[in-house]
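Take a look at the letters that make up each chain.
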Amino acid sequence: MRVLAVESSCDETAVAVYEGGRGLLAHRVYTQTDLHEIWGGVVPELASRDHVRRLAPMIVATLADAKLRREDIDGVAYTAGPGLIGALLVGAGVATGLAYAWKVPVVGIHHLEGHLLAPMLEPTPPAFPYLALLVSGGHTMLVDVLGVGRYRVLGESLDDAAGEAFDKTAKLLGLPYPGGSRLAELAETGRPGVFQFPRPMLDRPGFDFSFSGLKTAALLALRGHENDPVARADLARGFEEAIVETLATKTRRALRATGRQILIVAGGVGANRRLRQRLAEVAQAEGARTSYPRAEFCTDNAAMIAYAGEARLALGERGGLPALARARWPLEELGPPAESAVHAPITTGRVPGRG
Ligand code: KG4
Ligand code: ZN
């Protein structure tokens, strides 16, 4: 099937076309970072309004990139959650409206399923099963990926995501949003061990994470050093080490517990150089290899939603009305693509126009 997909769960507007058996035909991503930067974080209402502005022209442009007409599309997929409810509703409404007008089936996709399947877009995709470490601004998770729709969540953050912790501490250090990569740059010049931060949850069994305490520790450690460039760099280094060590240790545990030989790392924090280095060491010691989807498929995009959408639509899964939009959506509620499986019509917000 040739599937057009729309992603609008947070601050990226994205559109893609994927064809089963052939691969990705086109994809576009527009990031709203500039829009939110002055506010120091994503403003949900501004995000929704910008999706409204961008989506239709992006769909036209992506179809043109793929040299396709609307008649060539066999199905539509959209990110149904989790995410910002207003932003999700824009994509859900547009996608469902198009499917209705084009008389093709539509399906709502779990955003994290998209991330977990992103490596399948590569020319030599990994074989199932694999272990996935998802580290982004919104999520920190270790997931055993057994197949499409078959995910076992081993652990996740109980509070802040790793990227969120990076961004909040970067903000404390006066770095512009989103500060994760800037904090990492500052850490390059810092010395290890000068500032010791806690390694949250390492002393507990299991695979869960907790990063909110680190931000408080950073706030306290910074007191009196606000204008000292050497101390700020040392602090950034200590902070980065605490996060990297925590992620690496829990990932090692998960590799051991599952015996998986492939570790997929997805999400923006996966760009962190020190994290990559530590994960490579850990994987090698456990007899596994690490693999990263290319950068444009690591961060939010619609190609991964199109891939998941095609996998589900081709096996007969169908969404419908009302359009599905869920701010919260546990990954383990998903099942494999099923013949005529219909999404439970759970909406946390009503689709505009449906009363
Ligand atoms: O997956 P992603 O692009 O988007 C969302 O979560 O929406 O992840 C973005 C996150 C941000 O928190 C950003 O600060 C962080 O990834 N990030 C980094 C680095 N590059 C991006 N964190 C640490 N080190 C980096 N080099
Ligand atoms: Zn994402």
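For the structure, see preceding data.
Each value, and the rule that gives it
- Residues numbered from 1 in each chain as written.
- Chains lettered and ligands numbered in written order.
- Predicted model: local features only at pLDDT ≥ 70, side-chain atom pairs only at ≥ 80, totals over all residues.
- Heavy atoms only, no water.
- Helix = DSSP H or I, 4+ residues; strand = E, 2+ residues; numbered from the N terminus.
- Rg over C-alpha atoms; globule rule 2.2 N^0.38 Å.
- Buried < 20%, exposed > 50% of the residue type's maximum accessible area, 1.4 Å probe, protein only.
- Contact = heavy atoms within 4.5 Å.
- Areas by Shrake-Rupley, 256 points an atom, 1.4 Å probe, with all protein chains shown as cover.
- Pairing = 2+ DSSP bridges.
- Axes fitted to C-alpha atoms, helices over the stretch in contact; angles between N-to-C directions.
- Donors = N, O, S within 2.8 Å, 3.2 Å for Na, K, Ca; no water.
- Near = heavy atom within 4 Å.
- Polar contact = N/O pair within 3.5 Å; in protein donor to acceptor, adjacent residues only side chain to side chain.
- Nonpolar A, V, L, I, M, F, W, Y, C, P; charged D, E, K, R; others polar.
- Arc of directions from axis to C-beta.

Participant: Any chance you could break down the overall build of the protein chain for me, citing the residues and the numbers?
Facilitator: Scanning the protein chain from N- to C-terminus turns up 11 helices and 10 strands. Rg of the C-alpha trace for the protein chain: 21 Å, near the compact-globule value of 20 Å for 355 residues, within the 12% margin. Based on the C-alpha atoms only, the size of the protein chain along its principal axes is roughly 65 × 45 × 35 Å. Taken across its 355 residues, the protein chain has 55% of its residues classed as buried. For the protein chain, long-range pairs separated by at least 24 residues make up 72% of all intrachain contacts whose partners lie at least 6 apart in sequence. Within the structure as shown, the protein chain displays about 15200 Å² of accessible surface, and the carbon and sulfur contribution to it stands at 53%.

Participant: A description of the sheet that holds strand β2 (residues 12-19) should follow, citing residues and the corresponding values.
Facilitator: Read from one edge of the open sheet, five strands run β3-β2-β1-β4-β5, paired in mixed fashion. In this open sheet, the two edge strands, each paired with only one partner strand, are β3 (23-31) and β5 (106-110). With direction set aside, neighbouring strand axes in the sheet form an average angle of 20°. Looking at chain direction, β2 and β3 are connected through eight bridges and run antiparallel. When the bridges of β3 are listed, Glu-12 appears paired with Thr-31.

Participant: Account for the coordination of the zinc ion (ligand 2), with residues named and values stated.
Facilitator: Binding of the zinc ion (ligand 2) to the protein goes through His-111 (NE2), His-115 (NE2) and Asp-300 (OD), at separations of 2.0 to 2.2 Å. Linear spacing of the donor residues for the zinc ion (ligand 2) on their chain is H-x3-H-x184-D. Of the two residues, His-111 is situated in helix α4 (residues 111-117) and Asp-300 in the loop between α10 (295-298) and α11 (303-314); the sequence distance between them amounts to 189 residues. An identical accessibility class is assigned to His-111 and Asp-300; each is buried.

Participant: Go over the site of ligand 1 with me, naming the residues and quoting the values.
Facilitator: The full set close to ligand 1 counts 16 residues, and Gly-137, Asp-167, Gly-268, Asn-272 and Thr-299 are the nearest of them. Between ligand 1 and Gly-180, the relevant distance is 3.1 Å, taken from an oxygen atom to a main-chain nitrogen or oxygen of the residue. At 3.0 Å, a side-chain N or O of Asn-272 approaches a nitrogen atom of ligand 1. Summarising the interface, the protein chains cover 83% of the accessible area of ligand 1, which totals 550 Å² for the free molecule. Secondary structure elements with two or more residues in the shell around ligand 1: α5 (162-172) and α6 (180-188). Taken together, the residues that form the shell around ligand 1 break down as four nonpolar, 10 polar and two charged.

Participant: Any chance you could break down α5 for me, citing the residues and the numbers?
Facilitator: Within the sequence span of α5, burial applies to Ala-162, Gly-163, Ala-165, Phe-166, Thr-169 and Ala-170. Looking straight down α5, one finds its buried side chains confined to an arc of 160°; they lie on one side. Turning to α5, the residues buried within the fold contact β6 (130-135), β7 (140-147), α6, α7 (212-222) and α8 (229-258). Of the residues flanking the end of α5, it is Gly-174, one or two places downstream, whose phi is positive at about 80°.

Participant: An account of the sheet that holds strand β8 (residues 150-156) is needed here, citing residue identities and associated values.
Facilitator: One open sheet holds the five strands; their spatial order is β8-β7-β6-β9-β10, and the pairing between them is mixed. For this open sheet the edge positions go to β8 and β10 (289-291), each flanked by a neighbour on one side alone. Across the sheet, the mean angle from the axis of one strand to that of its neighbour is 25°, orientation sign disregarded. Direction of pairing for β6 relative to strand β9 (residues 262-266): parallel, over a ladder of four bridges. Note on β9: the bridge partner recorded for Leu-133 is Val-265. Strands β6, β7, β8 and β9 of the sheet are contacted by α8, whose axis makes an angle of about 160° with β6. Contacts from helix α9 (residues 273-285) reach β6, β9 and β10, with the element oriented near 145° to β10.

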